[in-house]
Amino acid sequence: MIRVLIADDHAVVRQGLRTFLDLQDDIEVVAEAADGAEALEAAERVAPDVVLIDLVMPRLDGIEAIRRLRERLPATRAIVLSSFVDDDKLFPAVRAGAAGYLLKDVQPQDLVEAIRTVHGGGALLHPQVAARLLEEMTEDPLTPREREVLVLIGRGMPNKIIARELSLSEKTVKAHVSSILAKLGVTDRTQAALYAVREGIVGQGS
């Protein structure tokens, strides 16, 4: 049985999802929650396999709830059920560790398949969401100069050395670093360096 927790601040949505999922032989709804904080408490109590979670909820939003869920219950997989494909919701949700991102207009049977796929270790995105992510991945958000700075961050160089290497002031390098962190959606140089290595950026221009 796939144990599912439903987190949505609309009781009618939770009820609709539960009614349909209860008809499935291999899925059991083990808990419901009306906000992110409640979802975390319930998840820690019942250890679900999959959490269906809305992003816009009171007290604690879905993105932060997914992030904390990944920290506390790494085996639990999260599927976002949202009304939005806005960049400010989509990308943070994927970065927080969502294994699926579906829109609320999803067909019930497709939702069931998504739960099974994600439970089996896969990931599933609504076609519109997949298209938006693909678009973002093919757009290089960094300027050529920022890429040069990122290469050197990836090689572990501090700002002072980067400034010397690129004949820039330290202040300019600092501004580039801040811009890089913001564009990549990471919080520190280490994460930026990991991104550079992962994307094969380090090693370029050498």
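Refer to the preceding data block for the structure.
I will try to describe carefully the structure that is included in this document. (Residues numbered from 1 in each chain as written. Predicted model: local features only at pLDDT ≥ 70, side-chain atom pairs only at ≥ 80, totals over all residues. Heavy atoms only, no water.)

**Let's talk about helix 1 (residues 11-21)**
Filter applied, for reference: To sort residues, take the accessible area from a 1.4 Å probe on protein chains only and compare it with the maximum for the residue type: under 20% means buried, over 50% means exposed, and anything in between is partly exposed. Helix numbers and strand numbers start at the N terminus; a helix is a DSSP run of H or I with at least 4 residues, a strand a run of E with at least 2. It is the directions from the helix axis to the C-beta atoms whose arc is reported. Contacts are assigned to residue pairs that have any heavy atoms within 4.5 Å of one another.
Residues Arg-14, Leu-17 and Leu-21 constitute the buried set of helix 1. An end-on view of helix 1 places all buried positions within 70° of arc, on one side of the element. Structurally, helix 1 contributes buried residues whose contacts are with strand 1 (2-7), strand 2 (27-33), strand 3 (50-53), strand 4 (77-82) and helix 5 (108-119).

**A word on the packing of helix 1 against helix 5**
Note the following rule: Only C-alpha atoms enter the line fits that serve as axes; for helices the fit covers just the stretch in contact. Angles between N-to-C directions range over 0 to 180 degrees. Convention used here: angles under 35 degrees read as roughly parallel, angles over 145 as roughly antiparallel, angles from 65 to 115 as roughly perpendicular, and any remaining angle as oblique. For this classification, the nonpolar set comprises Ala, Val, Leu, Ile, Met, Phe, Trp, Tyr, Cys and Pro, the charged set comprises Asp, Glu, Lys and Arg, and every other residue, Gly included, is treated as polar.
As a packed pair, helix 1 and helix 5 sit with axes 11 Å apart at the nearest point and diverge in direction by 75°. Here helix 1 lies roughly perpendicular to helix 5, going by the angle between them. Judged by residue contacts, Leu-17, Phe-20 and Leu-21 of helix 1 engage Pro-108, Gln-109, Leu-111, Val-112 and Ile-115 from helix 5. In terms of residue class, the contact of helix 1 with helix 5 is made up of 7 nonpolar, 1 polar and no charged.

**Focus on the environment of Thr-19**
The following threshold applies: Counting of polar contacts relies on pairs of N or O atoms within 3.5 Å, with two restrictions inside protein: one atom must be capable of donating a hydrogen and the other of accepting it, and residues adjacent in sequence are counted only when both atoms are side-chain atoms.
Tracing the backbone shows Thr-19 in helix 1. Residue Thr-19 is classed as partly exposed on the basis of its relative accessible area, which comes to 44%. Measuring from C-alpha to C-alpha, the distance between Thr-19 and Val-29 comes to 9.4 Å, with 10 residues separating the pair along the chain. One polar contact links the side chain of Thr-19 to the main-chain carbonyl oxygen of Gln-15, over a distance of 2.7 Å.

**Re the sheet that holds strand 5 (residues 100-103)**
Heads up, the condition is: Only strands joined by at least two bridges in the DSSP assignment are considered to pair.
Ordered in space as 2-1-3-4-5-6, the 6 strands form an open sheet in which the pairing is parallel. Each having just a single partner strand, strand 2 and strand 6 (124-125) make up the two edges of the open sheet. Two strands pair when backbone bridges link them, and strand 1 and strand 3 are joined in this way by 4 bridges, in the parallel orientation. Pairing of Leu-5 across the sheet is with Val-51, part of strand 3. The sheet strands contacting helix 3 (residues 62-72) are strand 3 and strand 4, and the helix crosses strand 3 at an angle near 165°.

**Describing the side chain of Glu-146**
Examined against the element boundaries, Glu-146 turns out to sit in helix 7 (residues 144-154). Within the structure, Glu-146 has its side chain in polar contact with the backbone nitrogen of Thr-143 (distance 3.0 Å). Only 2.6 Å separates the side chain of Glu-146 from the side chain of Ser-179, close enough to count as a polar contact. Those residues within four positions of Glu-146 in sequence are excluded, and the remaining contacts are Pro-141, His-176, Ser-179, Ile-180 and Lys-183.

**A look at unusual backbone geometry**
With phi around 45°, Ala-47 is a residue other than glycine that occupies positive phi space. Within the fold, Ala-47 resides in the loop between helix 2 (36-46) and strand 3. The backbone of Arg-59 sits at a positive phi, close to 65°, despite the residue not being glycine. Along the chain, Arg-59 falls in the loop between strand 3 and helix 3.

**Brief notes about the packing of aromatic side chains**
Stated precisely, the cut-off is as follows: Aromatic pairs are defined between Phe, Tyr and Trp rings, using the six-membered ring for Trp, whenever the two ring centres lie within 6.5 Å; interplanar angles under 30 degrees are classed as stacked, those over 60 as edge-to-face, and all others as tilted. Counted as over-ring charges are cases with an Arg CZ or a Lys NZ within 6 Å of the ring centre that also lie within 35 degrees of the ring normal.
Inspection of every chain in the model, using the stated rule, returns 0 aromatic pairs. The positively charged end of Lys-89 is found above the aromatic ring belonging to Phe-84, 4.9 Å away from the centroid.

**Quick look at the pattern of salt bridges**
Note the following rule: Salt bridge criterion: a side-chain nitrogen from Lys or Arg within 4 Å of a carboxyl oxygen from Asp or Glu.
Across all of its chains, the model carries 13 salt bridges by this definition. The residue Asp-54 makes a salt bridge to Lys-104 at a minimum N-O spacing of 3.5 Å. Of this pair, Asp-54 sits in the loop between strand 3 and helix 3 while Lys-104 is found in the loop between strand 5 and helix 5, placing the two residues 50 residues apart along the sequence. Judged by relative accessible area, which is 5%, Asp-54 ranks as buried. Among the charged side chains, a network of salt bridges with common partners joins Arg-14, Arg-18, Asp-22 and Glu-32.

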